[in-house]
Amino acid sequence: MPHSLVVVRLDPWRSSFWIAPSGRLAASKIVTRPFWALRVSLADEDVPREPIMDPSLLYVVSSEHSPVHVPNSTLTLGPRIAFDSGRKAGGDAELTTTRPLHSSEPYVDWPLYVHTAPLLRIHYSSQRPFTKMYYELDKPSLSKFKRIALQNHTAVFDYWAQYSRTRRCWIPETKPVPRQWSSFSEKEYTFVLGALNPPRAYCFDFLDDYCPPLEGPSSIYDEIYIFHQVCRDYRWPAAEDTIGWVRFLRLQSRPDHDNPRSVMGHSPTNIHKDGMLRTAMQNLYSLPNPHEMSGDLLACPSYEGGEEDICSLFTSTSDDPNLPFDFPLLPWEYRTIPLKRPRLIVLEVFGVILDRESAIRRALSMWMPFVRRRISLDKLISRYMEAEAFAERKLTMAASSLAAIVHEALATLAGRLNLSTEDSLKLITSALPMILQPHLYPDVASALRALRAQGFNLLYIPPHSPETLVHLQHVLPPSTLRHPGAIVSPSAASIHFVSGSAYWESVHKFSSTRIPDLQREDVLVASVGIGRVLGPAQQSGFATALVRRPDSIEANVDYIVSADPRANPEPSVVVDSLTALSQVLMENEKSRHAEPI
């Protein structure tokens, strides 16, 4: 049976074929990114296979450890060679390939692992024979991998069961569904909250003409968790009916809502008096709500259920160790990192030094006279940011610049607004340089001088790619990058997507080469993104500072994921400007040296 490392990307639209149309539409909006994986079959090589039975299992290749903490769930992979310098690494890897894995000089020292658990099963509709063999394991490594993967095939459930005992879990219960509501299953009266038609396999796109770096974090587990959550939401039997009811309600309240020049048609009071609408609303309200957990929260340390009960809890079976619906997207508990005197301050360029959001606002304000729909500037900015995130996801398949991403987003926005070709060309041409050249915040120059005067080393995180910071040098203060204490990270941070633990590991490793004996508690990360930057940095052991400027959109988001305060990332300090951060650090230093009374 052939095997190889492949580049794939989750296709949520095809993977969600079994849920309602609105659910498929919601799933198609999930941002997915290409990743490396080992495509392999655990069957015996001597067993003949039909063409449809091509290797249907994927095991993730990443610089991060497997989220399933079972023995040997993460195996090192090598050897590797930097194609641009010829330097070799990973010669002592647990799994070796028949030829060296190609890397580049900035990444050759990053760790590289193959996860033996959990597995990702390819749906039969997206299976296909190999068209390109990238890297294959040698025969001893392949035998070793299959042996460990088969052992972890069932051991993964013991981990999930043990993991559940440390949390408060909801045991789903079976409730009947009225005949008039479709449950999207053959059994009309059976609806198990959290366990109806769970996906056993996923559809993937095979990207034969794209080779991203092998090193780096993989977001596939997060994507599958979000995908499962969407399926869970839209698997509710009345999902489609509720959406249709809301659409009908809007038509009744405003018949010409698609016409921007129309006004309110009927008074909402008339709707509340409509008997049929009220009956439909009451029927919808009476149906079981998959998010309602009243009285069903159980403390799991005393849970003594058998294997079948455990499997039903995690919506999987003992023969299929897929990721359960309770896979943790975010850490169950964030570390509490106190603010100390740092030796190194990490500054994100966009949001902390350069005012990119105001640049976008200025550029899109020129579009308002050409927009025929009734839409506010804030809504227009929101649509642009969404288009830019999708453009960044799409163009990661090519060596693209930030300018290419912004241009793609502007073109997408112009198409959604139905602008004419002439207006689109004129508006994109004028908006592109404005967005790519944001202005400096007024307090930045003096704040950077104050931080340098206090003896702090400053590390700048480039946005999107290191080349972006080169193009922005002319808008930065003259001494920003030329100061002896200034360091520019070779690894850039995404402007829309989360930076994982492997990214912060690389930042710490690079900084340690410039500042001897640099510990994690000696680093302070300043950013405007709590979930995008500060949360992962805090979980990696760094102190964090949220620069919450009053007019910032991202910085003023209340990032709350749980009622338990421990489950929410809490920055070490919150300031409203870079000058305020300098003052806080100065006051902390004075109080540290103050004489006790």
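Before going into details, it helps to say that this report is about the structure given with it. (Residues numbered from 1 in each chain as written. Predicted model: local features only at pLDDT ≥ 70, side-chain atom pairs only at ≥ 80, totals over all residues. Heavy atoms only, no water.)

## Some remarks on the nonpolar core
Defined as follows: Here, nonpolar core refers to any group of buried Ala, Val, Leu, Ile, Met, Phe, Trp, Tyr and Cys residues whose side-chain atoms link them within 4.5 Å. Three exposure classes are used, based on accessible area relative to the maximum for each residue type with a 1.4 Å probe and protein chains only: buried under 20%, partly exposed in between, and exposed over 50%.
In terms of nonpolar packing, the biggest core is built from 80 residues, with Leu347, Leu364, Trp367 and Leu410 touching the most fellow members. Formed by 26 residues, the second largest nonpolar core is a distinct cluster that contains Val7, Leu112, Leu119 and Leu137.

## Remarks on the environment of Cys211
What counts here: Strands are runs of DSSP state E lasting at least two residues, helices are runs of H or I lasting at least four, and both sets are numbered from the N terminus onward. We call two residues in contact when some of their heavy atoms are within 4.5 Å.
Take Cys211: it is sitting in the loop between strand 12 (204–206) and helix 4 (220–234). A residue is classified by how much of its surface remains accessible, and Cys211, at 48% relative accessible area, is partly exposed. Along the sequence, Cys211 and Trp36 sit 175 residues apart, while their C-alpha atoms lie 8.8 Å from each other. Apart from the residues within four sequence positions on either side, Cys211 is in contact with Trp36 and Tyr134.

## Concerning the packing of aromatic side chains
Under the convention used in this document: Each Phe, Tyr or Trp ring (for Trp, its six-membered ring) is paired with any other whose centre lies within 6.5 Å, and the angle between the two planes then decides the class: stacked below 30 degrees, edge-to-face above 60, tilted in between. Over a ring means this: the NZ of a Lys or the CZ of an Arg is within 6 Å of the ring centre and within 35 degrees of the ring normal.
Scanning all chains against the criterion turns up nine aromatic pairs. Judged by centre distance (5.0 Å) and plane angle (85°), the rings of Tyr59 and Phe145 are edge-to-face. With Tyr59 in strand 3 (residues 57–62) and Phe145 in helix 3 (residues 139–165), this pair connects stretches of sequence that are 86 residues apart. Residue Tyr59 shares its accessibility class with Phe145, and that shared class is buried. Centroid distance Tyr202 to Phe227: 6.1 Å. Interplanar angle 70°. Geometry classified as edge-to-face. Pair noted here: Tyr202 is in the loop between strand 11 (191–192) and strand 12 and Phe227 is in helix 4, with a separation of 25 residues, a long-range link. Counting every residue linked through ring pairs, the aromatic cluster contains Phe35, Tyr202, Phe204 and Phe227. The lysine or arginine in question, Arg24, covers the ring of Trp13, its NZ or CZ lying 4.0 Å from the ring centre.

## Examining the pattern of salt bridges
Side-chain pairing between opposite charges can occur once the charged atoms of the two side chains come close. Our working definition: When a carboxyl oxygen of Asp or Glu is within 4 Å of a side-chain nitrogen of Lys or Arg, the pair counts as a salt bridge.
Enumeration over the complete set of coordinates arrives at 15 salt bridges. The closest approach of N and O atoms between Glu105 and Arg87, which form a salt bridge, is 2.7 Å. Taken together, the residues Glu105 in the loop between strand 6 (95–103) and strand 7 (113–115) and Arg87 in the loop between strand 4 (74–82) and strand 5 (88–89) connect sequence positions 18 residues apart. On the basis of relative accessible area, Arg87 is assigned to the partly exposed category, the value being 32%. With a closest N to O distance of 2.6 Å, Asp208 and Arg128 form a salt bridge. One end of the pair, Asp208, is in the loop between strand 12 and helix 4; the other, Arg128, is in the loop between strand 8 (120–121) and helix 3, and 80 residues separate them in sequence. The structure contains a network of salt bridges with shared partners spanning Asp11, Arg14 and Asp205.

## Focus: the sheet that holds strand 14 (residues 344–348)
Which entries qualify depends on this criterion: Strands pair, by our definition, only if DSSP identifies at least two bridges between them. Each axis is a line fitted through C-alpha atoms, taken for helices only over the stretch in contact, and angles between the N-to-C directions span 0 to 180 degrees.
Pairing is parallel across the open sheet formed by six strands, whose spatial order is 18-17-14-19-20-21. Looking at strand neighbours, the two that pair on one side only are strand 18 (486–488) and strand 21 (573–575), the edges of this open sheet. Taking the axes of each pair of neighbouring strands and ignoring which way they run, one obtains an average angle of 25° across the sheet. Note that strand 19 (residues 523–527) and strand 20 (residues 543–547) share four bridges and pair parallel. In the sheet register, Ser527 faces strand 20, and the bridge partner there is Leu546. Running over the sheet, helix 16 (residues 501–514) touches strand 14, strand 17 (457–461), strand 18 and strand 19 and is turned about 140° from strand 17. Against the sheet, helix 17 (residues 530–539) makes contact with strand 14, strand 19 and strand 20, and its axis sits at roughly 170° relative to strand 19, the strand it touches most.

Fair warning: the whole summary comes from geometry, so function is off the table for now.
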